[in-house]
Amino acid sequence: MTLSHRITHLTGGGSDGWDVFYRARALVAADEAVTELTIGEHDIRTGPSILAAMDASARGGHTGYAMVPGTAALRDTVAARITERSGVPTTRDNVLITPGGQAALFAAHHATCDEGDRALYIDPYYATYPGTIRGVGAVPVPVQARAEHAFQPRAADLAAAAPGARSLLVNTPNNPTGVVYGRDTLEGIAGVCAEHDLWLISDEVYDSQVWEGAHLSPRALPGMAERTLVVGSMSKSHAMTGSRCGWIVGPEEAISHLINLATHTTYGVPGFIQDAARFALDQGADLEEEIAAPFRRRRALAQEVLAGQNAVRQVPSQGAMYLMLDIRATGMSGEAFAGALLDAHRIAVMPGESFGAAAAGHVRVAMTIDDDRFAAALATLCDFAATRAAA
Ligand code: PMP
């Protein structure tokens, strides 16, 4: 039987730089000791008080179908968080609760793009972006944010790709680069969206992980609330990756249609998960800072290890649980470097190429193991790079 073109071509095919990741996983499965710095998952689990709230809710009977748009209480809580942090008045009618940010990204593109429409996204990118766009029948169009521009996208590059496009997907704080978009960058993005009548899909799932400066939501820029869909999630901010709870915030009309989509796809998010999410959000920014603290600490450690290195340079980054390292001085591609590092030292990092052409010659390091092992692995990586650069 023939499957749809849409699903068989979802991932685009071809080599995607994920070989090192799968090789590392195979080594781990064969009981080899591998230092895995690949995936953006915390090294802590969801906290006991959040689990207690989940348990109490489930035992209290919140195990049936929940309200499809999300419980009124969680929608209000998310709206209040967004209002407080962005300054944009937001009510529950602007909020749809989704099963994680991933489902929100899919729904946002479904809501904004028709079959065959061009949907822009920034390269380097979070791995699922092009597949998410293909999944709704749209055509993914990468726009490079270049290493020489500190991976901040330029308005001129966006404007060149914008004619005829329907949407632009951006992510700040950024996975994989760790870069936080500055006001200038965001104003440039907003200008291009206004001029070319684009929807802006703003992935802000790392908004609680900012090490320098501040996160600015582009929805807060003049005229942008009416054309922006913000994607948020409990995954990173509250170490709730497995709970699958996120949201889309946008104009009321868009949200009302997105609720229809949810009725026909996910049928909502379990009530006990939503109650746990509300409990977690009610703990306020202190809890979010506590969960982000290990990454803040490890970034400081990394800066010590990387200071004075010639073969490895850290991309100036301000947020998220990753470091992007420029290893071009070794003369190797990110893929070759990551493969050789795994072979020689059983340290697994992601080749920049797996996040798009703009990150070639880089590797991404997830700061997701304990401080001592993290600093030691980074020191080994630097020594390895220095040897290769000298060879
Ligand atoms: N956006 C970005 C940039 C991510 O890195 C991730 C997860 N790694 C997601 C969205 C989706 O996260 P979740 O579905 O767990 O909310």
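Note: the structure precedes this text.
Residues numbered from 1 in each chain as written. Predicted model: local features only at pLDDT ≥ 70, side-chain atom pairs only at ≥ 80, totals over all residues. Heavy atoms only, no water.

Time to look at the site of the ligand. In the neighbourhood of the ligand, 15 residues make up the surrounding shell, with Gly101, Asp203, Ser233, Ser235 and Arg244 lying closest. A distance of 2.7 Å is found between an oxygen atom of the ligand and a side-chain nitrogen or oxygen belonging to tyrosine 206. At 2.7 Å from an oxygen atom of the ligand is found a side-chain nitrogen or oxygen belonging to arginine 244. Surface burial for the ligand is 91%, taken as the share of its 400 Å² of free accessible area covered by protein chains. If you list the elements that add at least two residues to the shell around the ligand, you get helix H5 (100-112) and helix H9 (234-237). For the shell around the ligand, the element with the highest residue contribution is H5, accounting for four residues. Partitioned by chemical class, the residues of the shell around the ligand number five nonpolar, seven polar and three charged. (Near = heavy atom within 4 Å. Polar contact = N/O pair within 3.5 Å; in protein donor to acceptor, adjacent residues only side chain to side chain. Areas by Shrake-Rupley, 256 points an atom, 1.4 Å probe, with all protein chains shown as cover. Helix = DSSP H or I, 4+ residues; strand = E, 2+ residues; numbered from the N terminus. Nonpolar A, V, L, I, M, F, W, Y, C, P; charged D, E, K, R; others polar.)

A few words on the packing of helix H4 (residues 72-86) against helix H11 (residues 271-282). The axes of two packed helices give the description: the angle between them and the distance between them. It is the contact of H4 with H11, at a shortest axis distance of 9 Å, that shows an interaxial angle of 30 degrees. On the basis of their axis angle, the class for H4 and H11 is roughly parallel. Considering the relative orientation of H4 and H11, their crossing is left-handed. Mapping the contact onto sequence places Ala73, Leu74, Thr77, Val78 and Arg81 in H4 and Gln274, Ala277, Arg278, Leu281 and Asp282 in H11. Counted by class, the contact of H4 with H11 contains five nonpolar, two polar and three charged residues. (Axes fitted to C-alpha atoms, helices over the stretch in contact; angles between N-to-C directions. Parallel < 35°, antiparallel > 145°, perpendicular 65-115°, else oblique. Left-handed = near helix turned anticlockwise from the far one by under 90°. Contact = heavy atoms within 4.5 Å.)

Ordered in space as E2-E8-E7-E6-E5-E3-E4, the seven strands form an open sheet in which the pairing is mixed. Here the strands that pair on one side only, and so sit at the sheet edges, are strand E2 (95-98) and strand E4 (139-144). Each adjacent strand pair in this sheet contributes to an overall mean axis angle of 20 degrees, direction not counted. Along the sheet, helix H10 (residues 252-264) makes contact with E2, strand E6 (199-203), strand E7 (228-233) and strand E8 (246-249), crossing E2 at roughly 25 degrees. (Pairing = 2+ DSSP bridges.)

Time to look at helix H13 (residues 334-345). Taking 1.5 Å of rise per residue, 12 residues should cover 16 Å, and H13 covers 16 Å from first to last C-alpha, within 8% of that figure. Residues of H13 that are buried include every one of Gly334, Phe337, Ala338, Gly339, Ala340, Leu341 and Leu342, and no others. In this structure, the buried side of H13 is in contact with helix H2 (19-29), strand E11 (347-348), strand E12 (350-351), strand E13 (362-366) and helix H14 (371-390). Taken from the residues just after H13, arginine 346 is the one with a positive phi, measuring 55 degrees. (Expected span 1.5 Å × (residues − 1). Buried < 20%, exposed > 50% of the residue type's maximum accessible area, 1.4 Å probe, protein only.)

All we've got here are geometric facts, nothing functional implied.
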